[in-house]
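Remarks on the overall topology
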Amino acid sequence: MSARALGGALPHPRREGIGLGRFNALTRDDTLAVLLSCCGSRRWAERVAAHRPYPDPDSLLAAADEACYDLTPGELDEALAEESLSPQPLVGARGPGTLAAHTALRAAHAEYERRFRHVFVICLDGYRDEELLDQVLSGIRTRLGNEPDEERAVAAEELRRLARGRLTRLVSSGP
């Protein structure tokens with residue numbers, strides 16, 4: 001699961017897995033729309049779409065990774081700007097101290113955005129629901145100590161991981 005932080009970028013609406021065959025068969029416009037739901041950079045989506053058909057999911061993911069690595073600063077800004085800012089509680093975040101943790105997270109996110117001028121993104125693939133809040137709090141606290149250039153590189157890597165997870169789910173089922 002890809003998730004992002006409360007007050008930070010949140011998951012795009014989940015798309016049903018359509019399978020690689022259907023992905024390869026989409027019209028160009030539909031392909032771009034689907035890809036833009038995975039990463040908000042138009043150039044990234046165009047580059048990934050241009051290499052269809054993909055023989056297997058690994059080829060698609062490799063092309064997506066390469067396109068992420070090649071994002072210019074402006075394209076990274078575009079992609080980060082497309083991440084949702086809607087605050088929502090994290091799944092599995094319940095129990096004593098949860099309200100305080102969410103309050104702390106909102107404050108940390110506000111400081112993050114003030115310092116770095118973009119939303120906080122973090123890929124939480126592989127974590128259980130009950131671990132998400134701790135991971136986000138730890139991640140934002142750690143990353144607030146980064147220098148702006150260092151944090152930009154970290155955010156770009158998190159965005160790449162998020163796009164990869166979204167694409168994996170997109171082509172994981174279906175024909």
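Before any of the text, the structure's been laid out above.
Presented here is a report on the structure given in the accompanying data block. Here the structure is a predicted model, which is why all the values come from computation and not from measurement.

Here we come to the side chain of arginine 166. Among the secondary structure elements, arginine 166 is positioned in helix 8 (residues 148-171). Within the local environment of arginine 166, its side chain forms a polar contact with the backbone oxygen of cysteine 38, the two atoms lying 2.8 Å apart.

Counting 46 residues, the largest nonpolar core has Phe23, Leu35, Trp44, Val48, Leu60 and Leu167 as its most contacted members. Per element, the largest residue contribution to this core is seven residues, and it comes from helix 8. With residues near it in sequence (within four places) discarded, phenylalanine 23 still touches Ile18, Thr31, Val34, Leu35, Arg52, Tyr54, Leu60, Leu170 and Val171.

Relative to the assigned elements, valine 119 resides in the loop between helix 6 (98-116) and helix 7 (132-143). Measuring from C-alpha to C-alpha, the distance between valine 119 and serine 84 comes to 8.5 Å, with 35 residues separating the pair along the chain.

Let us look at the packing of helix 6 against helix 7. It is at 10 Å that the axes of helix 6 and helix 7 come closest, and there the two elements cross at 35°. Judged by the sense of rotation from one axis to the other, the crossing of helix 6 with helix 7 is left-handed. Taking contact as the criterion, the partners of Thr98, Ala101, His102, Leu105, Ala108, His109, Tyr112 and Phe116 in helix 6 are, on helix 7, Leu133, Val136, Leu137, Ile140 and Arg143. Partitioned by chemical class, the residues of the contact of helix 6 with helix 7 number nine nonpolar, three polar and one charged.

Thresholds applied
Residues numbered from 1 in each chain as written. Predicted model: local features only at pLDDT ≥ 70, side-chain atom pairs only at ≥ 80, totals over all residues. Heavy atoms only, no water. Helix = DSSP H or I, 4+ residues; strand = E, 2+ residues; numbered from the N terminus. Polar contact = N/O pair within 3.5 Å; in protein donor to acceptor, adjacent residues only side chain to side chain. Core = buried A, V, L, I, M, F, W, Y, C linked by side-chain atoms within 4.5 Å. Buried < 20%, exposed > 50% of the residue type's maximum accessible area, 1.4 Å probe, protein only. Contact = heavy atoms within 4.5 Å. Axes fitted to C-alpha atoms, helices over the stretch in contact; angles between N-to-C directions. Left-handed = near helix turned anticlockwise from the far one by under 90°. Nonpolar A, V, L, I, M, F, W, Y, C, P; charged D, E, K, R; others polar.

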